[in-house]
There are 4 protein chains.
Amino acid sequence: MAGSTYGKIFQITTWGESHGCGIGVVIDGCPAGLPLCEEDIQSFLDRRKPGQSRYTTSRRESDTVEILSGIFEGKTTGTPISLLVRNTDQRSGDYGDIALCYRPGHADYTYDQKYGFRDYRGGGRSSGRETIGRVAAGAVAVNILKRLNISLFGYVKSVGPVTIDMSRFDADERDKNALYMPDCAAAKEAQAYLDDCIRNQNSTGAVIECRIDGMPAGIGDPVFDKLSANLAKAICSIGAVKGFEIGDGFVAARATGKENNDAFFIDKNGCVQKKTNHSGGILGGISDKSPILLRAAVKPTPSISAAQQTVNSLGEEIEISIRGRHDPIIAPRAVVVVESMAALTILDALLVNMSARMDALEQFYTR
Amino acid sequence: MAGSTYGKIFQITTWGESHGCGIGVVIDGCPAGLPLCEEDIQSFLDRRKPGQSRYTTSRRESDTVEILSGIFEGKTTGTPISLLVRNTDQRSGDYGDIALCYRPGHADYTYDQKYGFRDYRGGGRSSGRETIGRVAAGAVAVNILKRLNISLFGYVKSVGPVTIDMSRFDADERDKNALYMPDCAAAKEAQAYLDDCIRNQNSTGAVIECRIDGMPAGIGDPVFDKLSANLAKAICSIGAVKGFEIGDGFVAARATGKENNDAFFIDKNGCVQKKTNHSGGILGGISDKSPILLRAAVKPTPSISAAQQTVNSLGEEIEISIRGRHDPIIAPRAVVVVESMAALTILDALLVNMSARMDALEQFYTR
Amino acid sequence: MAGSTYGKIFQITTWGESHGCGIGVVIDGCPAGLPLCEEDIQSFLDRRKPGQSRYTTSRRESDTVEILSGIFEGKTTGTPISLLVRNTDQRSGDYGDIALCYRPGHADYTYDQKYGFRDYRGGGRSSGRETIGRVAAGAVAVNILKRLNISLFGYVKSVGPVTIDMSRFDADERDKNALYMPDCAAAKEAQAYLDDCIRNQNSTGAVIECRIDGMPAGIGDPVFDKLSANLAKAICSIGAVKGFEIGDGFVAARATGKENNDAFFIDKNGCVQKKTNHSGGILGGISDKSPILLRAAVKPTPSISAAQQTVNSLGEEIEISIRGRHDPIIAPRAVVVVESMAALTILDALLVNMSARMDALEQFYTR
Amino acid sequence: MAGSTYGKIFQITTWGESHGCGIGVVIDGCPAGLPLCEEDIQSFLDRRKPGQSRYTTSRRESDTVEILSGIFEGKTTGTPISLLVRNTDQRSGDYGDIALCYRPGHADYTYDQKYGFRDYRGGGRSSGRETIGRVAAGAVAVNILKRLNISLFGYVKSVGPVTIDMSRFDADERDKNALYMPDCAAAKEAQAYLDDCIRNQNSTGAVIECRIDGMPAGIGDPVFDKLSANLAKAICSIGAVKGFEIGDGFVAARATGKENNDAFFIDKNGCVQKKTNHSGGILGGISDKSPILLRAAVKPTPSISAAQQTVNSLGEEIEISIRGRHDPIIAPRAVVVVESMAALTILDALLVNMSARMDALEQFYTR
């Protein structure tokens, strides 16, 4: 209820702070019989781990996951899977000077207003490290989706003013550059832009895009639990996300019906298909078998070393320059978080959907 | 679970189809003692009622609300409030020819894939009439918020390529033009554009913006139930919405930290304030006392009278021209739906927040 | 959240008061494709309808159900099913004298304490008429269970000191006597006892038992959502229920392990079976394929015409004799309520269970 | 959804198995500002710890709790509190011989039926060690309730045929005898009975009673979330509980209205009080200010060393004698579990109740 639990059937509960013992997640509702080991999860955590390029914080965390429960003889048992990542490089000293300070763009002021005080060390629960629980759980979800032939591919679409050219889209390129952009030329341009930001003690926003292939039609629910609505919540629950689009998104708001409607046709296998995919794979909140395409607007890192005007909790106006260890751009490390939240949402919708029809129910219990 | 229930404490459940007996909503969790009568709700329903301008369907529905339960001696009793709006002008005959057809941009195909069949009359549950339940409940939420000095104001920000000029913003103007735009000049231009669309048997998308004033700081929860995440779900659950923004939204993705950070200062009353509001009133998922500003991208009406290629459920390719009675633009009548969903979300967050602190809990029960 | 919604997948929301417009229920999450008509529901409502014997209130209600949504061409569509039963014989005048009075054994005082005031007409929401929504929804659940070869049979096991003799158990007898007891001799004895109570302006408590046949093994969840725990909540949520037992219940508390353990054996079909059923069909919270057996302790009707000492909301001590129209025993009409709540709980557990295993999930989506 | 999460606002999620790394719980929704340290929790865990008398398993576990998150400077922050108890004395070797066996009265067979396989070591998730998470969270709830002047007192009321005499009730005596009975004479008699059971390689059932003092009136919700219904679920979710009573329970089923109704009167302070408490502190599902009184029927330990007939997962009939380390009676160590589950339920109802009235809501946000 206090917002650390997500999902209906495949339900995750995350906990932990930047400078506490560690970060963890409990997954309840994972189907029994899934082969699962630490490596399956670690490879996802490694994608969001700090210290992998000059654009990420120098905080050194191996982010090693331990499975504490829910696995027996290499398979999930159907009971809760508890995952733990210990913090090892917390340096609370770095944050002593911000104990009273309300950093612009951060949650310091709002936490204080809500709770009366806060764990100010590294942002406490509002730190980006909170996403470790999402990614660890997301890794399990992705593993299940893979068995259903569903795959997700996220990437940075634009960095500040620099956007990838879809005609140069190269999936392999994504993992080769520090900005996680699937377009070599755009990545170079973006790095030049980012280097400029850094020189100016500044940071930049970015757009992440994620594509989901292999979705069957019919997933999602009408009205409040539209698949698009649940994806919107999932993505906008990631810190720093200020906007969400499905399919054409805001472009659809400028389009006409003739442009935006996707014509159906019958393919050579006799299957219903769409000629275009302005819908982004979802019609009426329910998947239409086309790839799902979504985007997240990620704001610039609020922690910048340039001097800023702000106030403290004593009601004084002060000037601060944020030192500590901070990424000048959030998006590259957030790509795996977007994939994770999308995977959790998609999987949950698939599980919920199993009971949508009487014939399936009767077949399940009376075969 | 099948997605017709929304909210945690102030929880609504909607039901009904375009061509069934009617549309309704049950509100559970409304605090006891709120003065409430049909008129309080009717005025909201009237704002989304069809037939008020040449841009809306000619279907004639008075959309008269009946309160079936939960009120005694003019006040809410704390038990469920059941609201009913009877359908009176359903003409199922209009839809006989689409029983088999999968209309582009509609949910016909996806409902069939999910459920095996569908109530095809007027789109059944996927009809825009489904939003009546949202608006009726939203009216109750707005009434409560008013008592907490919180107000919402929604409007059409852009129609196709025509956007309002914020320097000409005139709240009173909103209700004077058929497009619900708070800028007289933009409204005229937009009407010319829309008339063009109609002549071309076409339709147009639009952007709705909503501003919430009077929010206290500290509302919303960290992690998955960020106020921004819950608003994203609320808004994206409205049919035809393809994108969502809070504060600067996608503009923040192109901004730098220096531009996007809102500096705090101390006002003359000694209160913490922000100099700018790029955050849109929410930091770290929790309200920061500035106005909340959100936007929804609404796609063009998929029902257009121009000929379209599509398929039917027999697997045949066909051509259709959608007659029936349809708005050439969805957004104007959806403004009150956006306000309603925002109000429901905000109110629920306020109720959830009451138990966030020990001191409040102790005071509540031991004073 | 305010307690009028029940179930996770097959989720019902009830509303209505004794003397309002009517009583209703919205069922969300009913699988699509179930044949359903008013008669399927009416036959259940008729079992709890007043006025069928001299032991029930003389209030005349036909309790006729209307289906307002969710059915198309005779089958459930997967969208919410809204059911309405209009009140027709409310006589609010009967209750004017209890507007201020706190009747012993009733919820008058507690509602006032919670909400600050109450709809005192006929007990408002705390009236037995509230169970109409449960029974209407229960009828749908029972119809689904029937298709899975699961059946429920409830009856009055004891009335005051008179208990049925299981060796004389006769299912057909149940519907032949006014007390709903499946033992003709016990029913006669119980009627004599009850007539005595009536003569003394008194009422009596009773025990209801319900047996569920055909349950597959493996239904229910470990820990908090044990099938037995959810049944306990379901049954104890019925007004007037003060105790719950599964299997041997409180007898198990006096037994030894040797007596209480049910030995497993292999039957002639090679299936695992239990020699006895002290467990009542549930082990570790999960169904074990034996019949589920549960009991509810129902308190005596608190409305008695004998004079009683009590107080009013003005803080005065008063004496009252409750006239109005009241059953001298609650249990007979509550049998179908117990069956309904059990059916809703069992069905929901069956739906939840569909996603318990990876192999079933893979088969569902990749066959 | 898979049943390891409990509560609406004060929400707990437990995880862990008998022979895994450990047992844990995440508490989400604990109000911020509660002073809390390990000792506050440890004292509760010590009450259920094994090895404290000759009636408990000889497994040696210190059951030491670690707080992993949610506390800063000695107080709860409002974010999730993660608690971990490491297993230290698991001897999986003890259980190798039961890998295939279905022990009578245990969940071996039902887990296999549900999940296809199971962690058989020490019962896995169905072990009594699962309750550690409940007790750790319950300790936090009790600490909060104490600040609201609400206290809980649980004890063993009867052991097999031996029941305490309420006229000899002595709260202090409870902690002085191994059976946790607040009546010295009954405790001695019960111990003699239990010694007999042990000699006969047998075990015994028992009844636990719990009394909650200091409850304000008005807590709990009508219909499905009656306080009594939620307590029933809470208590029946504890392994081995087969029955539940509130107030007079099954005795009410044999009583008349005149006997069972509690007369109201005005006390010398002008407050409404009840002369008797047959209701057990709850009327219409809502607390009536009298002490809440509940009982749980606990079945005999199913693990007995006497030879038993059973089957294995290969479909063979076998004979087993369960060795390992087992308590001959479950109830004494379960008393603190009953208190914990009751405390969690009561606290959650108190938090939910804060938003029941408009006047409280207005006062909260506009004072």
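Details of the structure are given in the entry above.
(A) Quick peek at the interface of chain B and chain A. Listed by partner, the interface residues are 109 residues for chain B and 109 residues for chain A. Of the roughly 8,300 Å² buried where chain B meets chain A, counting both sides, 62% is carbon and sulfur surface. Three residues, B:Lys114, B:Phe224 and B:Lys242, lead the burial of chain B against chain A; their summed loss comes to 11% of the area buried on that side. Across the contact surface, chain B and chain A share four salt bridges.

(B) Structural view of the relation of the copies chain C and chain B. When chain C is fitted onto chain B, the two copies agree to an RMSD of 0.0 Å after a turn of 180° and an axial shift of 0.0 Å. Taken together, the rotation angle and the small translation identify this as a two-fold axis. Within chain C, C:Thr13 has its C-alpha nearest the rotation axis, a separation of 3.8 Å. Residue by residue, 100% of the interface of chain C is reproduced at the interface of chain B, so both copies engage with the same surface.

(C) Representation of the interface of chain C and chain B within the structure. Tallying the contact residues gives 43 residues for chain C and 44 residues for chain B. The junction of chain C with chain B conceals about 3,400 Å² of combined surface from both sides, 63% of it contributed by carbon and sulfur atoms. The interface formed by chain C and chain B includes zero salt bridges. The tally of links from chain C across to chain B stands at eight residue pairs in polar contact (both at pLDDT 80 or more). Of all the secondary-structure elements, those providing two or more residues to the side of chain C that touches chain B are strand E2 (11-16), strand E3 (22-28), strand E4 (65-67), strand E6 (75-76), strand E7 (81-86) and helix H2 (108-115) of chain C. Considering each element in turn, the side of chain C that touches chain B owes the most residues, five residues, to E2(C).

(D) Summary view of the side chain of B:Asp267. Residue and element names in this part refer to chain B. Relative to the helices and strands, Asp 267 is located in the loop between strand E13 (264-266) and strand E14 (272-274). Salt bridges are absent for the buried Asp 267, whose nearest opposite-charge side chain, Lys 289, sits at 6.1 Å. In this structure the side chain of Asp 267 is engaged in a polar contact, spanning 2.9 Å, whose partner is the side chain of Gln 273.

(E) How the structure looks around helix H1 (residues 38-48) of chain A. All names here are of chain A. When H1 is considered as a whole, its buried residues turn out to be Ile 41, Gln 42, Phe 44, Leu 45 and Arg 48. Across the axial projection of H1, the buried residues extend over an arc of 165°, all falling on one side. Buried positions along H1 lie against strand E4 (65-67), strand E7 (81-86), helix H3 (131-147) and helix H7 (331-353).

(F) Looking closely at the sheet that holds strand E8 (residues 101-102) of chain B. Residue and element names in this part refer to chain B. Here we have three strands laid out as an open sheet, ordered E8-E18-E19, and antiparallel in their pairing. If you trace the sheet from one side to the other, it starts and ends with E8 and strand E19 (317-320), each paired once. For E8 and strand E18 (residues 308-312), the ladder comprises two bridges, and the chain directions are antiparallel. The residue bridging Cys 101 from the neighbouring strand is Asn 312, located in E18.

(G) Highlighting the packing of helix H3 (residues 131-147) of chain D against helix H7 (residues 331-353) of chain D. All names here are of chain D. Running from amino to carboxyl end, H3 crosses H7 at an angle of 50°, the nearest separation of the two axes being 8 Å. With respect to their mutual orientation, H3 and H7 come out oblique. At the point where H3 passes H7, the crossing takes the left-handed sense. Along its contact with H3, which presents Thr 131, Arg 134, Val 135, Ala 137, Gly 138, Ala 141, Val 142, Ile 144 and Leu 145, the element H7 presents Val 336, Val 337, Ser 340, Met 341, Ala 343, Leu 344, Ile 346, Leu 347 and Leu 350. Split into classes, the residues belonging to the contact of H3 with H7 amount to 14 nonpolar, three polar and one charged.

Thresholds, definitions, all that
Residues numbered from 1 in each chain as written. Chains lettered and ligands numbered in written order. Predicted model: local features only at pLDDT ≥ 70, side-chain atom pairs only at ≥ 80, totals over all residues. Heavy atoms only, no water. Contact = heavy atoms within 4.5 Å. Buried area = accessible area lost by both parts, 1.4 Å probe. Salt bridge = Lys/Arg side-chain N within 4 Å of Asp/Glu carboxyl O. Least-squares fit on C-alpha atoms with pLDDT ≥ 70 in both. Polar contact = N/O pair within 3.5 Å; in protein donor to acceptor, adjacent residues only side chain to side chain. Helix = DSSP H or I, 4+ residues; strand = E, 2+ residues; numbered from the N terminus. Buried < 20%, exposed > 50% of the residue type's maximum accessible area, 1.4 Å probe, protein only. Lys, Arg positive; Asp, Glu negative; His and termini not counted. Arc of directions from axis to C-beta. Pairing = 2+ DSSP bridges. Axes fitted to C-alpha atoms, helices over the stretch in contact; angles between N-to-C directions. Parallel < 35°, antiparallel > 145°, perpendicular 65-115°, else oblique. Left-handed = near helix turned anticlockwise from the far one by under 90°. Nonpolar A, V, L, I, M, F, W, Y, C, P; charged D, E, K, R; others polar.

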